[in-house]
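Now for the letters of each chain:
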Amino acid sequence: MDRIDRKLLNLMQRDAGRTNLELADAVGLSPSSCLRRVQKLRRAGVIERIVAILNPTKAGRPLKALVTVELKLHGEQHMRRFLDLAAAEPAVTQAYAVTGASDVALMMRLSDMDEFDLLAQKLFRDETNVARFVTMLVIRTGKEDTAMMV
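From a predicted model like this one, the values you see are computed outputs, not experimental measurements. (Residues numbered from 1 in each chain as written. Predicted model: local features only at pLDDT ≥ 70, side-chain atom pairs only at ≥ 80, totals over all residues. Heavy atoms only, no water.)

Draft legend 1. Up close: the side chain of Asp-103. Structurally, Asp-103 can be placed in the loop between strand E2 (92-97) and strand E3 (104-110). Among buried Asp, Glu, Lys and Arg side chains, Asp-103 stands out as unpaired, with Arg-132 the closest opposite charge at 8.0 Å. A polar atom in the side chain of Asp-103 sits 2.7 Å from the backbone nitrogen of Leu-71. For Asp-103, the contacting residues outside a window of four places in its chain are Val-69, Glu-70, Leu-71, His-74, Met-79, Tyr-96, Ala-97 and Val-98. (Helix = DSSP H or I, 4+ residues; strand = E, 2+ residues; numbered from the N terminus. Buried < 20%, exposed > 50% of the residue type's maximum accessible area, 1.4 Å probe, protein only. Lys, Arg positive; Asp, Glu negative; His and termini not counted. Salt bridge = Lys/Arg side-chain N within 4 Å of Asp/Glu carboxyl O. Polar contact = N/O pair within 3.5 Å; in protein donor to acceptor, adjacent residues only side chain to side chain. Contact = heavy atoms within 4.5 Å.)

Draft legend 2. Examining the nonpolar core more closely. The biggest cluster of nonpolar side chains holds 21 residues, and the ones touching the most others in it are Val-69, Phe-82, Leu-106, Met-108 and Phe-124. Those elements that place two or more of their residues in this core are strand E1 (63-71), helix H4 (76-87), E3 and helix H5 (113-124). Ignoring anything within four residues of it in the chain, the contact list for Met-108 reads Leu-63, Lys-64, Ala-65, Val-67, Ala-91, Val-92, Thr-93, Phe-116, Leu-119, Leu-123 and Phe-124. Among the nonpolar cores identified, the runner-up in size contains 13 residues, and Ile-4, Met-12, Leu-41 and Ile-47 belong to it. (Core = buried A, V, L, I, M, F, W, Y, C linked by side-chain atoms within 4.5 Å.)

By themselves, these figures tell us nothing about what the structure is for.
Now the structure itself:
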């Protein structure tokens, strides 16, 4: 990956809706060369997918919750089972196995507290292997970005 590929990736992370012609102009390539580079980055798996990023409030999901989870039973099979259970829930936008005092960290986008209550009953009851969970509701966002430096 060279400087031009990195510039393309940074531009696409900020606005993937740019046309190939706009991208080509921004990096100083012909449209055909630019398209070949983007296709190569996709084939290599550097670009996994291109998505639309929604405004959560306007999309009816204004409540953001971060939840840390401690499992009763440990080991790969128990971790995988819980992560699969969490990942199957549409309100769970991110699910991570983590180090430290907790085993799992979840990010949720919710419509309201009633939705959280139903989801908590489903994910954190006895049959799900959860010893305890801590919920933090986000009251203000300092930074939220999907782009990463390349």
